[in-house]
Structure formats: structure tokens, C-alpha cells
Amino acid sequence: MYPYSVANNGLSTIRVPLFDMICALSTALDLLDPALGSHQKRTCLIAAQIARSMSLSDTDYQNVFGAAIFHDIGAIGLNDRLSMLDFEEHDAHIHAHLGALLLARFPSFACYAPLVNCHHVQWNHGLGQMHDGQNVPMMSHLIYLSDRIEVLAQGQDNILGAAPEIVAQICAESGRKFHPHFVTAFCKIAQQESFWLDIFSNNLDRILKDIAPFENIDLELDHVLQFAQFFALIIDSRSHFTATHSAGVAITAETIARHLGMGDQECMKVRMAGYLHDLGKLAIPSEFIERAAPLSEKEIARVRSHSYLTLDILSMIGGLEDVAEWAASHHERLDGSGYPFHLTAKDLSLGARILAVADVYTALTEDRPYRPGVPPDTALAMLDEWQQQGKLDGHVIAALHDNLAVVESARVQAQHQEGIDLAEFWQSAVSPSVTAQKVRYEKSHYA
Ligand SMILES: [Fe+2]
Ligand SMILES: [Fe+2]
Ligand SMILES: [Fe+2]
């Protein structure tokens, strides 16, 4: 049971650790397939340990760490997520390319795009220095090696017993698949039992945090908002029925919050909670979200886990306790009939009540596979019914009534823009020659 914290800490700015945000994003991506476990984090740890043993430059270390921890981000929406883990890969460059495109859209992560883009390029006795007519960053070869080591190591119930065979398999490909310098460094640290045991430690997050190159970097509120928007793009990109849902909830919730007199910072946090409220849906098969036929009872039960998972992941981020609470409460109802905690009016803060109304209102106006969206007036009439039944907050719904035109224009515009962004992304994703130019080789301002 997660205890909810007090909503407002009264500070004019918040600072959120960059590592926490990155780690939460990596964990959220791993929800897409439980079989992946912590593949990205373990790959990151392997790459970081090899890099540390080689005394690489700070910039190389930061780039390899940052790119490795979400190197498979482009597997969102791909049905072949598991197949890319096969040692004999098929079309692995597709998810690498999609990942690079996604990262390039976010200024803080754009510096990792070139590395992710090439993370399945083989060394091929030096020919792997170029791919698709572009230079391949050397650190991409380290991520590729680390990724393959992780794939060989995962699922081993006696990792120390399996280690010599893994080393032998990797060495057999030195020069062909893998850069020999990285293989040499790997063989050296592979002698240490702790190298292997760390990879499967129950304290993986803490071990990563201890060696993260940005452990002391904090993000300002507007940067955190950008992160939240980036998360929303990932969440929304999985289904065309809910393709702009998070963006719609975010702007609706923020607009209501503003009209209810919340301060600037609180309004930004409400918007952030809107972007993040369905984060846990990454663990729900997209087939459930797309299906026109009704879900079975067991399937509905699985869908209901998503808001708990939202809380589970957001709780990893220091400084966002209130955002986590508001986001995770969007299916709670004032009469206790909601989920997952069956909270009642006395437990539900204003932020949580706003998120619940914004979520229902936005969902009603959107098409679903089993029904078309309803006009704003009809959606409001339905909200009024829920209020009379004691489920949703009357003041919040009244604010929506009073400012319907403003809310609607903001919501429609935000969802329209997100739709354009997503369409652009998928369009460029199917045209590698065009997208190669779009992957911006920007330097992060954290470098
Ligand atoms: Fe990959
Ligand atoms: Fe991978
Ligand atoms: Fe939800």
C-alpha cells in the first residue's frame, strides 16, 4: 500500500533528479514486455562497467550510459519486441532507427539518438564504422556488445557457471560482430564474479545510481514537464484510438485547475499528471485497447492494474510525490467505487479530483473501437449524472461547465497538435533515408 503524501510542499520551484526520471522511463519501457525484465538497465550496467574499466572520456561515458539505459525505446508498438532479443537478429535496425527518431524529438535526449540508431551495427572488421552512409559512433559498438552479453546472460539460473561459455561465445565473434577492444575489456572484467552478480542484483537501480554520470543533476520544473510530455508521446503512440488521449487530459486538467485558482506551479504539475496518468497502460497489451468486442472479466481486471502501475513507477521519482498521487487517482471515485485503493472523498485532493474529471471528459469525447466520441454537451450531461451519483466532484465539473469554450479550444488544439506530431513521427519512421537527416546530432546541455 502506497501512502499518499501531502499535495503541496509550498516551494516555488521543484527539483527532480535526472537519474530518477531516466530510470523511471527505462522501467516504464520494460513494462511493455515482462519477458524483457530489466534488459535495458542490465545492458546499461554492463556497458558502464566495461566503459569504466577502459577509462573512457567523461563525454563517452555519459553518452554510453544515457543511450544504453533506453536503447530499445524504439520497440514501442512493434510486435517483434521479443524477436529482437534473439542472438540471430532480424531487422533489428528498425527498432534502433525508431528509437533514434523518438530520442531526437526530445532536446535532452537528442545526443543519444546517433548511438541508439546504430546499436545493432556489427563491427565487421572495421566496416561497421559506417552505416547507411553515416559515421557510427564508437560507443554504439559498446552498447551492441553489452546488449548481446545481456541476452546471453538473461534467464541463467547459475550465472557464474554460465559465464565461461558466454565469454567464449562473445570472443568467437570478436572482430566480426564486436569491436575487439571492447571484447578485450569485457574478457578482463568478466573474471570478476561481482561483474556478473551485479547484473542480476536486486539492487540494480541503486548500483546504477551509484555509477550514473548525472547522479547530482536536478531538473527544473519546465524540464520535468518536457519529460512528462515525452512519456505521453510514448504512451499514446501505442494505439491510434488513444493516440492523443494523454495530451487531451493534460490540457483539460490544467485549464480546469487554472480556473479553480491553482497557482502556476500547481497547474504545471496538474498538466504533468495528465501526461502521465496512463503510464501503467504500457503493461496492458495494445490488443486490449484496440479491440472492438467487449473485454472478458479477466481482461478488465488486468486493465484495472494500470493506475497502480502509474503510481509504482512515478514513486521512483523524488520530488514528484503529488504528481504521482494525482495521476494514479484518476480512476478513484468520491463514493469509494473507484480503484485501485477505493479511496473516498476525504482522501481525494483537488488535483486528484481534477484528473478524474478531465480523464472521463476527454475519454467521452474521443472515439473508441466500440463507440464513437460524444459532443462536449453530451459529455458534460454524463458528468453531471456521475456527480449526482456521488462519484465526481461538483466544483470541478462546474468549472468545466463555466469554461467549456476555453477548455474545448485548448483540448482540441492540443490533441490536434499531438496527432500531427505522431503522424509525422510514424511517417518519417517508414522512410529511413529521410529520417537519417532528421536525427539531430545535438549535444545535450548536460554534457
Ligand atoms: Fe535493440
Ligand atoms: Fe536490447
Ligand atoms: Fe486510465
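Residues numbered from 1 in each chain as written. Chains lettered and ligands numbered in written order. Predicted model: local features only at pLDDT ≥ 70, side-chain atom pairs only at ≥ 80, totals over all residues. Heavy atoms only, no water.

Naming follows an unreviewed UniProt entry, where the protein appears as HD domain-containing protein of Deefgea chitinilytica.

(A) Summary view of the overall build of the protein. Tallying secondary structure elements over the protein gives 22 helices and 4 strands in all. A buried classification covers 57% of the 447 residues belonging to the protein. Partitioning the contacts of the protein with sequence separation of at least 6, the portion at a separation of at least 24 is 74%. Carbon and sulfur atoms form 53% of the exposed surface of the protein, whose accessible area is close to 18,300 Å². (Helix = DSSP H or I, 4+ residues; strand = E, 2+ residues; numbered from the N terminus. Buried < 20%, exposed > 50% of the residue type's maximum accessible area, 1.4 Å probe, protein only. Contact = heavy atoms within 4.5 Å. Areas by Shrake-Rupley, 256 points an atom, 1.4 Å probe, with all protein chains shown as cover.)

(B) Geometry of the coordination of the iron ion (ligand 3). Ligation of the iron ion (ligand 3) by protein atoms is provided by Asp278 (OD), His306 (NE2), His330 (NE2) and His331 (NE2), these donors lying 2.2 to 2.3 Å from the ion. Considering all 4 donor atoms around the iron ion (ligand 3), angles at the metal cover 83 to 167° and the coordination shape is irregular. Along the chain, the residues that donate to the iron ion (ligand 3) are spaced as D-x27-H-x23-H-H. Of the two residues, Asp278 sits in the loop between α13 (264–276) and α14 (286–290) while His330 sits in the loop between α17 (321–328) and α18 (350–365), which places them 52 residues apart along the sequence. This pair shows no difference in class: Asp278 is buried, exactly as His330 is. (Donors = N, O, S within 2.8 Å, 3.2 Å for Na, K, Ca; no water. Tetrahedral: all angles 85-135°; square planar, octahedral: opposite > 155°, others 65-115°.)

(C) Unusual backbone geometry, seen in detail. The step from Tyr339 to Pro340 runs through a cis peptide bond, and the omega angle for that step is 5°. In this fold, Pro340 is placed in the loop between α17 and α18. The phi dihedral of Ser55 is positive, around 50°, even though this residue is not glycine. You can see Ser55 is positioned in the loop between α2 (39–53) and α3 (58–68). We classify Ser55 as exposed; its relative accessible area is 65%.

(D) Layout of the packing of helix α6 (residues 138–153) against helix α7 (residues 159–172). Closest axis-to-axis distance for the α6/α7 pair is 10 Å, and the angle between their directions is 140°. With respect to α7, the axis of α6 lies oblique. Here α6 and α7 pass one another in a crossing that is right-handed. Listed contacts from α7 to Leu145, Ile149, Leu152 and Ala153 of α6 are Ile159, Ile166, Gln169 and Ile170. (Axes fitted to C-alpha atoms, helices over the stretch in contact; angles between N-to-C directions. Parallel < 35°, antiparallel > 145°, perpendicular 65-115°, else oblique. Left-handed = near helix turned anticlockwise from the far one by under 90°.)

(E) The arrangement of the coordination of the iron ion (ligand 1) in detail. Around the iron ion (ligand 1), the protein contributes the donor atoms Asp72 (OD), His95 (NE2), His119 (NE2) and His120 (NE2), which lie 2.2 to 2.3 Å from the metal centre. Of note is the iron ion (ligand 1), whose 4 donor atoms meet at the metal with angles of 82 to 175° in an arrangement that counts as irregular. Between consecutive donors of the iron ion (ligand 1), the numbers of intervening residues give the motif D-x22-H-x23-H-H.

(F) Broad picture of the layout of surface pockets. Reported here for the largest pocket is a volume of approximately 1,100 Å³. If you trace the largest pocket, you find 36 residues lining it, with Lys281, Val303, His331, Arg368 and Tyr370 closest to the centre. Listed by contribution, the elements that provide at least two residues to the lining of the largest pocket are α11 (221–236), α12 (245–259), α14, α15 (297–303) and α18. In terms of residue count, the dominant contributor to the lining of the largest pocket is α18 (4 residues). (1 Å grid on protein atoms, 1.4 Å probe; cavity = no way out; pocket = protein on both sides within 12 Å on 5 of 7 lines; lining within 4 Å. Points joined across faces, edges and corners; volume = space filled by probe spheres on them.)

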